[in-house]
Amino acid sequence: MNTTVSRGALWLEKLAPNAQRLSGLCPSVQAADGQVNGEAVRFIAVVPDANNHYPRAAKGEVGLLEGWTLAKVVSETVAADANSSMKRPIIAVIDVPSQAYGRREEAFGIHQALAGAAAAYANARLAGHPVIGMIVGKAMSGAFLAHGYQANRLIAFNDSGVLIHAMGKDSAARITLRTVEALEKLAATIPPMAYDISNYATLGLLSDLLNISNPDAPSESDLAQVKNTLQQAIKDARQDTTLKNRLGADNRRSSALVRERMKASW
């Protein structure tokens, strides 16, 4: 994986080439207006910022500044389109290694910042904006919840550099009193514990899993595939603002059954 430019930054530029970044944002949140097959869309990515005011968020993590800034960008998009019959699609380009862990982050309310971002994405989806999450790298922990998980549709690259989980391997190993090697062995038999994208796909949360020849140096055919997939995802999202499409996989049968019984009891 490219060590000098994050996949989030790279794919933001590929999808909105030479587009001016929105002003007034913290450097670690970049947003640009572009097009997908002729339709105006807004792309948003969280990227590394070595000079971040909060060092714990210097490598692309989602912290206080990132959470509130994501909420600002998404909320302003919703407000700008309030009187429009056709709401702009919002595409979250996702490559986030974690939320920012630190005493200052906890003291200053990182939970509220990330909740604000998640709520903004949810509000946009419910207001009729097609919200698409495109996972090009890591989608870890609270960072993923804040940036992209509320999307109508989730698209991911079928690549070893794409990892999705609620907790990093080292942390999960400590919590479960295992070595990282033992954790990986166990996770291979339990899809929700696994980190790789192929296991995650069995949970039914993805609308598409794309085979990209080189996510760090995409070809023109790769870009065309991504744009066509985004176009279809936008079209599908306009038909349904809920997240019920995530319950269709075999590994979600119990989740669907619980919801049915709760609805009947309610």
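- As recorded in an unreviewed UniProt entry, the protein chain goes by the name Biotin-independent malonate decarboxylase subunit gamma, listed as coming from Kosakonia oryzae.

Quick notes on the overall build of the protein chain
- Per the secondary structure count, the protein chain includes 10 helices and seven strands.
- A compact globule built from 266 residues would reach a C-alpha radius of gyration of about 18 Å, and the protein chain, at 18 Å, matches this within 12%.
- Considering the protein chain as a whole, with its 266 residues, one finds that 50% of them fall into the buried category.
- Restricting to contacts in the protein chain with at least 6 residues of sequence separation, those with at least 24 account for 70%.
- Carbon and sulfur atoms provide 53% of the accessible area of the protein chain, an area that totals close to 13200 Å².
- Treating the 28 positive side-chain charges of the protein chain as one cloud and the 24 negative ones as another, the clouds have centres 6 Å apart.

Considerations on the side chain of N52
- If you trace the backbone, N52 turns up in the loop between β2 (39-46) and α2 (64-80).
- Since its relative accessible area comes to 8%, N52 is described here as buried.
- Among the polar contacts listed, one links the side chain of N52 to the backbone nitrogen of Y54, at a separation of 2.8 Å.
- Here N52 is in contact with S28, A57, A58, L65 and E66, once residues within four sequence places are set aside.

Remarks on α2
- Between its terminal C-alpha atoms α2 stretches 24 Å, which fits the 24 Å expected from 17 residues at 1.5 Å a residue.
- Those residues of α2 lying buried are L64, E66, G67, T69, L70, A71, V73, V74 and T77.
- Contact partners of the buried residues in α2: β1 (29-36), β2, β3 (90-96), α3 (103-107), α4 (110-126) and α5 (141-146).

What about the packing of helix α1 (residues 7-15) against helix α9 (residues 220-237)?
- Two numbers describe how α1 lies on α9: the axes approach to 11 Å, and their chain directions differ by 80 degrees. Comparing their axes, α9 and α1 come out roughly perpendicular. Every residue of α9 that contacts α1 at W11, K14 and L15 is listed here: L223, V226, K227 and L230.
- In terms of residue class, the contact of α1 with α9 is built from five nonpolar, no polar and two charged.

What to know about the pattern of salt bridges
- Scanning the model with the defined rule gives nine salt bridges in all.
- With a shortest N-O distance of 2.2 Å, E39 and R238 are connected by a salt bridge. You can see E39 sitting in strand β2 and its partner R238 sitting in the loop between α9 and α10 (253-265), a full 199 residues away along the chain.
- Assessed through its relative accessible area of 25%, E39 is described here as partly exposed.
- Between K72 and E76 there is a salt bridge, with its nearest N and O atoms 3.0 Å apart.

Re the pairing of β2
- Of all the eight residues making up β2, six are buried; the element is thus mostly covered by neighbouring parts of the structure.
- Alignment of β2 against β3, held across four bridges, turns out to be parallel. Along β3, the bridge assignment pairs A45 with V93.
- Handedness of the crossover joining β2 and β3 through α2: right-handed.

Focus: unusual backbone geometry
- In this structure, N18 takes a positive phi of about 65 degrees despite not being glycine.
- Looking at the secondary structure, you find N18 in the loop between α1 and β1.
- Its relative accessible area of 73% is what places N18 among the exposed residues.
- Even without being a glycine, L177 presents a positive backbone phi close to 60 degrees.

What to know about the pairing of β1
- Taken together, the eight bridges between β1 and β2 define a ladder with antiparallel strand orientation. Each bridged residue has a counterpart across the sheet, and for G34 the counterpart in β2 is V41.
- Between β1 and β2, which follow one another and run antiparallel, lie two residues, and N37 among them has a positive phi close to 50 degrees.

Thresholds, definitions, all that
- Residues numbered from 1 in each chain as written.
- Predicted model: local features only at pLDDT ≥ 70, side-chain atom pairs only at ≥ 80, totals over all residues.
- Heavy atoms only, no water.
- Helix = DSSP H or I, 4+ residues; strand = E, 2+ residues; numbered from the N terminus.
- Rg over C-alpha atoms; globule rule 2.2 N^0.38 Å.
- Buried < 20%, exposed > 50% of the residue type's maximum accessible area, 1.4 Å probe, protein only.
- Contact = heavy atoms within 4.5 Å.
- Areas by Shrake-Rupley, 256 points an atom, 1.4 Å probe, with all protein chains shown as cover.
- Lys, Arg positive; Asp, Glu negative; His and termini not counted.
- Charge placed at Lys NZ, Arg CZ, Asp CG, Glu CD.
- Polar contact = N/O pair within 3.5 Å; in protein donor to acceptor, adjacent residues only side chain to side chain.
- Expected span 1.5 Å × (residues − 1).
- Axes fitted to C-alpha atoms, helices over the stretch in contact; angles between N-to-C directions.
- Parallel < 35°, antiparallel > 145°, perpendicular 65-115°, else oblique.
- Nonpolar A, V, L, I, M, F, W, Y, C, P; charged D, E, K, R; others polar.
- Salt bridge = Lys/Arg side-chain N within 4 Å of Asp/Glu carboxyl O.
- Pairing = 2+ DSSP bridges.
- Right-handed = clockwise from strand over helix to strand, strands pointing away.

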